Amino acid sequence: MVDPAGLGRPPSGQGVYGISVAAELLELAPQTLRVYEAKGLVVPARTEGGTRRYSDADLARIRHIAELLAGGLNLAGIKVVMEMEVENQRLRDELEESKRRLAHHEGAGDR
């Protein structure tokens, strides 16, 4: 995949960091990342050999998990919040698409 920003970096969703590098970047223990994966909070890519590969998007998600933990939520609560955030974004996208269609339809009726 081509680097969209032209900065020599992989796309944000491409897994490039091994667990030890990801843990170091996040200042977490590798075991913490394994727990997050076991709880379904993050799903890193895997190489053919099964090695975890974390993307920039995964790292951002884990930072968000840390923020929610600092706010007093437990991992089960964080999972619910993150699922709701995804659903909320899906609904916002759907609403925007409906608004675009309506505007297009109304504009076509004015001709």
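Here, every reference points to the structure presented above.
Residues numbered from 1 in each chain as written. Predicted model: local features only at pLDDT ≥ 70, side-chain atom pairs only at ≥ 80, totals over all residues. Heavy atoms only, no water.

1. Remarks on helix α1 (residues 19–26)
The set of residues buried in α1 consists of Ile19, Ala22, Ala23 and Leu26. Relative to the axis of α1, the buried residues are bounded by an arc of 100° and lie together on one face. Against the buried residues of α1 lie α2 (30–38), β2 (52–53) and α3 (56–70). Looking one or two residues past α1, Glu27 carries a phi angle of roughly 60°, positive in sign. (Buried < 20%, exposed > 50% of the residue type's maximum accessible area, 1.4 Å probe, protein only. Helix = DSSP H or I, 4+ residues; strand = E, 2+ residues; numbered from the N terminus. Arc of directions from axis to C-beta. Contact = heavy atoms within 4.5 Å.)

2. What about the packing of α1 against α3?
Relative orientation of the contacting elements α1 and α3 amounts to 45°, with a least axis distance of 11 Å. Accordingly, the angle class assigned to the pair α1 and α3 is oblique. The chirality of how α1 crosses α3 is right-handed. Contact with α1, carried on its side by Ala22, Leu25 and Leu26, involves Leu59, Ile62 and Arg63 of α3 and no other residues of that element. Taken together, the residues of the contact of α1 with α3 break down into five nonpolar, no polar and one charged. (Axes fitted to C-alpha atoms, helices over the stretch in contact; angles between N-to-C directions. Parallel < 35°, antiparallel > 145°, perpendicular 65-115°, else oblique. Left-handed = near helix turned anticlockwise from the far one by under 90°. Nonpolar A, V, L, I, M, F, W, Y, C, P; charged D, E, K, R; others polar.)

3. Concerning unusual backbone geometry
Positive phi values are uncommon outside glycine, yet Glu27 reaches one of about 60°. Its place among the elements puts Glu27 in the loop between α1 and α2.

4. Things to note about the environment of Glu97
With respect to the helices and strands, Glu97 occurs in helix α4 (residues 75–109). Here Arg100 takes part through its side chain, which lies 3.0 Å from a polar atom of the side chain of Glu97. (Polar contact = N/O pair within 3.5 Å; in protein donor to acceptor, adjacent residues only side chain to side chain.)

5. What to know about the pattern of salt bridges
In the structure shown here, the tally under the stated rule is seven salt bridges. Arg90 is the partner of Glu87 in a salt bridge, and the nearest nitrogen-oxygen pair spans 2.7 Å. Taken as a pair, Glu87 and Arg90 lie in helix α4 at a separation of three residues, close to a single helical turn. Residue Glu87 is classed as partly exposed on the basis of its relative accessible area, which comes to 35%. Note that Arg101 and Glu97 form a salt bridge whose closest N and O atoms lie 3.2 Å from each other. Of this pair, Arg101 and Glu97 both sit in helix α4, four residues apart, which is roughly one turn of that helix. (Salt bridge = Lys/Arg side-chain N within 4 Å of Asp/Glu carboxyl O.)

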